[in-house]
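In case you want the letters, here they are:
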Amino acid sequence: MTNVPEPDTIELQTMQASSDGFRPRPGVGRQTAVLVAVGVLAALALLIYSGIHSRVAAESRLMKRTEEAAIPTVAVICPKEGAPTQEIILPGNTQAFSDAPLFARTSGYLRRWYFDIGAHVQKGQLLAEIETPEVDQQLRQAQAELDTAQANLNIAKITAARWQDLVSTGSVSQQETDQAVSNLSAAKATAESSAANVRRLQELQSFEKINAPFDGIITARNTDIGALIDAGASTQPKELFHIAAIRTLRVYVSIPEVYSRAARSGAPATLTLDEFPGQTFHGTLVRNANSIDVASRTLLVEVDVDNSTGQLLPGAYGFVHLKLPDETRSVTIPSNTLIFRKEGLQVGLVRNGKAELAPVKIGRDYGNTVEIVSGLQPTDAIIVDPSDSLVTGLPVRLGNKPAGGSSQ
């Protein structure tokens, strides 16, 4: 039977064995401490790196979002393509071919008038008569002065002739002869002055009769029988009649610069008016200003329209139709897409995600929309309500997809 040692005996033996054969070697604890320190430093470095990296990443994301937020979002549309333009229709005002106010040239009282508004008169026809008693009396006085001057001239001629005959025989002195000749010259000048004064007053007396300067119609009568007529230079003259020649009417039209090639002298033109629906009146482009108005960028032309029937009235508002030499293709865009700057008229386009300013030329202005004859294509994406800070190369974001356009 084997003897089993007691527990206390076993524990004592173990402790002795440990103390004798398993003592820790010198330096093992120091290595463990170093390893622990390295691990702590590594963990701390990892923690610091993680914090810095997350902060840099957050800052990068914030910067990216800021840049994205700074990109403006714009609404775009595509131009509406119009049909080829074969003619242009422009507004114009009809004017009488000749139009003149008639004033009095002499003072007096209106004796009678013969024609009222709307009357057709011929050139030279008597329109009214003015009673001028003062001018009549002045003319009589001037004629009497002329008779006196002519009498003095006749006696001066006789005296000068006699003295020249006598001086050759020595009967009179040369001084007396020269004096007689000088008196003749003075009498002649006085007679000529009196004759000129008579002619002046005769002209004033002829202005008692007011005649029509050309064939036309009376469009205004601003006087009546017994009215005082004052033709003095110190007073504002009063118009008595107004006459207009309407057998041919002038229509002045301002043609936009882009259509100025249609302004050819001799080119046919037609006139339409709202009061004559479905009816056209034929005319001819007779002349143009040969100069573009820098303020409106238009060319002023004159179209003469035959009005022998008298249907058209001067001052009426109409539309002139002019044929273009060739077809012109154009597009229409809203007025709120235009940019007015010192470089000229422009629009903002979106191409490859960036804004681009393009110069354009306007044809006709319809108010809310305008016709563009050059500078745009039907596929262009045009920015609506562009901001004042819009420049070429600025990144933009589309807020919509234009109908019929490309997703640029």
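Residues numbered from 1 in each chain as written. Predicted model: local features only at pLDDT ≥ 70, side-chain atom pairs only at ≥ 80, totals over all residues. Heavy atoms only, no water.

### Some details on the overall build of the chain
Under the convention used in this document: For helices the rule is a DSSP run of H or I covering at least 4 residues; for strands it is a run of E covering at least 2, with both sets numbered from the N terminus onward. Three exposure classes are used, based on accessible area relative to the maximum for each residue type with a 1.4 Å probe and protein chains only: buried under 20%, partly exposed in between, and exposed over 50%. Under the convention used here, a 1.4 Å probe and the Shrake-Rupley method define accessible areas, while residue burial counts only the protein chains that appear.
Within the chain, the secondary structure is distributed over four helices and 23 strands. Within the span of the chain, comprising 408 residues, buried residues form 31% of the whole. Accessible surface, the chain: about 25800 Å² in total, of which carbon and sulfur atoms supply 54%.

### A closer look at the sheet that holds strand β3 (residues 80–81)
For clarity, the threshold we go by: Should DSSP find at least two bridges between two strands, the strands are regarded as paired.
Taken in spatial order, the four strands make up an open sheet running β3-β16-β21-β20, and their pairing is antiparallel. The sheet is open, and its two borders are formed by β3 and β20 (361–365), each paired with just one other strand. In terms of strand pairing, β3 meets strand β16 (residues 331–334) through two bridges, oriented antiparallel. Looking across to β16, one finds that Lys 80 is bridged to Thr 332.

### Some remarks on the confidence of the model for the chain
This is how the line gets drawn: As a per-residue measure, pLDDT reflects the predictor's confidence and takes values from 0 up to 100. In what follows, residue pairs with any heavy atoms lying within 4.5 Å of each other are defined as contacts.
The share of residues in the chain with pLDDT of 70 or more is 86%, and the mean pLDDT across the chain is 82. This model gives residues 7–22 a pLDDT under 50, and the stretch forms three contacts once residues within four places in sequence are excluded. Predicted confidence is poor over residues 404–408, with pLDDT under 50, and the contacts of this stretch with residues over four places away or in other chains come to 10 contacts.

### Quick word on the sheet that holds strand β7 (residues 126–131)
The antiparallel open sheet is built from four strands, whose spatial order is β8-β7-β5-β10. The sheet terminates laterally at β8 (209–211) and β10 (228–229), the two strands that pair on one side only. By the bridge criterion, two bridges tie strand β5 (residues 108–113) to β10 in an arrangement that is antiparallel. Bridging across to β10, Gly 108 finds its partner in Ile 229.

### Here's the deal with a nonpolar patch on the surface
Stated precisely, the cut-off is as follows: Surface patches are drawn from residues lacking salt bridges whose relative accessible area is over 30%; two like charges belong together within 9 Å, two nonpolar side chains (Val, Leu, Ile, Met, Phe, Trp, Tyr) within 5 Å. Salt bridges are identified by distance alone: a Lys or Arg side-chain nitrogen within 4 Å of an Asp or Glu carboxyl oxygen.
Taken together, Leu 41, Leu 44, Leu 47, Ile 48, Ile 52 and Val 56 make up a surface patch of nonpolar side chains, about 590 Å² in accessible area. Along the chain, Leu 47 turns up in helix α2 (residues 28–70). Relative accessible area serves as the criterion here: at 58%, Leu 47 is assigned to the exposed category.

### Here we look at the side chain of Thr 132
Note on placement: Thr 132 falls in the loop between β7 and α3 (133–167). Look past the residues within four positions of Thr 132 in its chain and what remains in contact with it is Thr 106, Ser 107, Gly 108 and Glu 208.

### So, the pairing of β5
Here β5 runs beside β7; their pairing, made up of four bridges, is antiparallel. Directly across from Leu 110, in β7, lies its bridge partner Ile 130.

### Examining the pairing of β20
As paired elements, β20 and strand β21 (residues 369–374) share three bridges and run antiparallel to each other. Along β21, the bridge assignment pairs Lys 361 with Ser 374. Hairpin connection, β20 to β21: the antiparallel pair is bridged by three residues, and Gly 367 has positive phi, about 100°.

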